[in-house]
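Here is what each chain is made of, one letter per residue.
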Amino acid sequence: MADAVFPTQATAQTRYISLFGTRTRFVIMVLILLCLTSIWSNILAFNFAVICMDDDDSEVETSLNGTRKTHFTSTQNSLAMSIVAIAALLGNFPIVQLVGMVGIRTVFAGLGILSAVSTLLIPLSIRMGFYYFLAVRFLQGIAFAANFPVIGSFCAKWSYFKQNGLFVSSLVAYVQLSPAITMPASGALCSAFKWPSIFYAHGAVSLLLFVTYALFYRNSPQKHPFVGNVELKKISIGKIATVDKRALKKVPYGPILRTPAIWAVWVAAIGNFTCVNMMFLFSPVYLSKVLGFPVHSTGITAAIPPFLQFMSKLFCGAVSDRLTCLPEIIKFRIFNSIAFIGSGAFLTVLAFMGDEHKDYNMIVLGCAAAMLGATTGGFFKAGPVLSKQYSHFVTGNISLGITITMLIVPFFVNALTHNNTQEEWKYVFLITASVMFICNIFFFIFVKGEACEWTSDSFHRASSVADLERNSVRNPTISTVSRNVEDVPEKL
């Protein structure tokens, strides 16, 4: 009776563990996926809100010659997207450092709440003036810089090594899940209410998710009350165990940056996100302005390609884990080539199609998006496999791919599509396909299939001895201690 009212610590822990059994890591993975999705959705909401604004007669003025004035010019639209990329670039390295120092619980929760609040402020900032709006978008970009470092850190600490592909594929799929949710939701909100409701809804959901995350997440499985010994032992398999925390926090930047295989991952990220940003930032524009889909159905239609890619990512991530008969390097090359060459081929076909049969254009665009989902067995999985405990840095810098292309893609798309005709979009599709082909060649040549040398225990021991020797020059006492340590028998 007493245990029921005032349970002991052991009784309480048993109850916690029994709640999710040995599947707590999956519950946390889903929570983090939703949080990642929310941050990206907060950014993408603007792309549909612009269409909603321009379609609202009460919000749009008419010029002297009878043409409709839009809320944002083409240049302002590009700046609104690029300012997010600039902020994410500026925030990338400091946030990677913070994640390495204090973990993702505090960092991600704080930045997620920042994203939620800044999204809620967007309608007010738009009415105050364009530069106020850019300032709020800048805050959204700072928050977005945390996404890939969070994926790297979580997978390195929480994933069972046989499920690494599943975890990576599930979390990076936020890039597709966001537009798949945001586009139809924004369309419904636009029809039922007006464009400010899009931002209020996204901000409110984001705030709820990150408060839940802050309360539930722990930086280590060992510290989580819902994780039992069985699940903890499974997660610990393959994890580095003999290097202390200070050594793990000392990221070997030099060796990492001198590793061609790591650059292969980062270059592949450039190719992937050139296509992703072209598709998901501009698919509402292409569908409504080029193919002529009405605004109320554009949201649902625009959600089809990212949804197909989301399902493809989950499928390919699971398949890559089960193909144990193939070496990792072969799997990386096969999956990445299927994604890049397949998607590029469909974009090339789309480039030479007319706009008379818009349903066929949609099918080809959807196929291009679905093929790109195979990247979860390619460069996305290669990052954590190659970098292990330093995945927060290597995978974190994959975010440079999405931010750099987010900075470039809006300008080259807007520069080529002044009139939004199929002929103009042909060059957008061909350039995107070419970038993907080139990046895949680089990845195919330089990627490796095993963890890099600088992730091993021996590397850290050698590095620690080298540090002691360097310090002994300045402090002879350290030299004496170092010699005494080396004299201790190996078996101790």
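So, here's what we can say about the structure. The structure displayed is predicted, hence computed values, not measured ones. (Residues numbered from 1 in each chain as written. Predicted model: local features only at pLDDT ≥ 70, side-chain atom pairs only at ≥ 80, totals over all residues. Heavy atoms only, no water.)

1. Looking at the overall build of the protein chain
Point 1. When you go through the protein chain residue by residue, the secondary structure sums to 24 helices and zero strands.
Point 2. Counting the 492 residues in the protein chain, one finds 53% classified as buried.
Point 3. When contacts within the protein chain are restricted to residue pairs at least 6 apart in sequence, those whose partners lie at least 24 apart make up 82%.
Point 4. By element, 67% of the accessible surface of the protein chain is carried by carbon and sulfur atoms, the whole surface being about 21500 Å². (Helix = DSSP H or I, 4+ residues; strand = E, 2+ residues; numbered from the N terminus. Buried < 20%, exposed > 50% of the residue type's maximum accessible area, 1.4 Å probe, protein only. Contact = heavy atoms within 4.5 Å. Areas by Shrake-Rupley, 256 points an atom, 1.4 Å probe, with all protein chains shown as cover.)

2. A look at the pattern of salt bridges
Side chains that carry opposite charge are capable of pairing whenever their charged atoms lie near each other.
Point 1. Tallied over the entire structure, the rule returns five salt bridges.
Point 2. Here Lys426 makes a salt bridge to Glu423, at a shortest N to O gap of 3.1 Å. Here Lys426 pairs with Glu423, and both are found in helix H22 (residues 422-446), just three residues apart, close to one helical turn.
Point 3. As a salt-bridge pair, Lys448 and Glu450 come within 3.9 Å of each other at their nearest N and O atoms.
Point 4. Via salt bridges that share partners, Glu328, Lys331 and Lys381 belong to a single interconnected network. (Salt bridge = Lys/Arg side-chain N within 4 Å of Asp/Glu carboxyl O.)

3. Details of the packing of aromatic side chains
Think of a pair of aromatic rings as described by two things: how far the centres are apart, and how the planes are tilted against each other in angle.
Point 1. The tally for this structure, following the rule as stated, stands at 29 aromatic pairs.
Point 2. Seen in terms of ring centroids, Phe130 and Phe133 are 6.2 Å apart; in terms of plane orientation they differ by 45 degrees. Their pairing is tilted. Residue Phe130 and its partner Phe133 are located together in helix H7 (residues 130-144), separated by three residues, close to a single helical turn. The pair Phe130 / Phe133 is uniform in exposure class, with both members buried.
Point 3. Seen in terms of ring centroids, Trp158 and Tyr217 are 6.1 Å apart; in terms of plane orientation they differ by 40 degrees. Their pairing is tilted. Residue Trp158 is located in helix H8 (residues 147-158), and its partner Tyr217 is located in the loop between helix H11 (196-216) and helix H12 (229-236); the two are separated by 59 residues in the primary sequence. (Phe/Tyr/Trp six-rings, centres within 6.5 Å; stacked < 30°, edge-to-face > 60°.)

4. Examining the nonpolar core
Point 1. In terms of nonpolar packing, the biggest core is built from 139 residues, with Trp40, Phe154, Tyr213 and Leu347 touching the most fellow members.
Point 2. With 19 residues, the single largest contributor to this core is helix H3 (residues 24-55).
Point 3. Of the residues that make up this core, three or more belong to each of domain 1 (16-56 + 73-238) and domain 2 (253-455).
Point 4. Ignoring sequence-local partners within four residues, the contact set of Phe154 consists of Arg25, Ile28, Met29, Ile32, Ile104, Ser159, Phe167, Leu171 and Tyr217. (Core = buried A, V, L, I, M, F, W, Y, C linked by side-chain atoms within 4.5 Å. Domains from an automatic or database assignment.)

5. A closer look at empty space enclosed by the protein
Point 1. Here the structure, examined in full by the defined rule, presents one cavity of 30 Å³ or more.
Point 2. Computed from the structure, the largest cavity encloses a volume of approximately 40 Å³.
Point 3. The wall of the largest cavity is formed by Met278, Met279, Phe282, Ser283, Tyr286, Leu365, Trp425 and Phe429.
Point 4. Residue assignment for the lining of the largest cavity shows that the elements contributing at least two residues are helix H15 (260-290) and H22.
Point 5. The greatest single-element share of the lining of the largest cavity, amounting to five residues, is contributed by H15.
Point 6. Across the lining of the largest cavity, the residue classes tally to seven nonpolar, one polar and no charged. (1 Å grid on protein atoms, 1.4 Å probe; cavity = no way out; pocket = protein on both sides within 12 Å on 5 of 7 lines; lining within 4 Å. Points joined across faces, edges and corners; volume = space filled by probe spheres on them. Nonpolar A, V, L, I, M, F, W, Y, C, P; charged D, E, K, R; others polar.)

6. Observations regarding a nonpolar patch on the surface
Point 1. Together, Ile113, Val117, Leu121, Leu124, Met128, Tyr132, Leu207, Val211 and Leu215 line one region of the surface with nonpolar side chains, adding up to about 800 Å² of accessible area.
Point 2. Within the residue set of the nonpolar patch, elements represented by two or more residues are helix H5 (104-120), helix H6 (122-128) and H11.
Point 3. At three residues, H11 tops the list of elements feeding residues into the nonpolar patch.
Point 4. By the element assignment, Leu124 lies in helix H6. (Patch = residues over 30% accessible without salt bridge, like charges linked within 9 Å, V, L, I, M, F, W, Y side chains within 5 Å.)

Taken by themselves, the reported measurements are silent on function.
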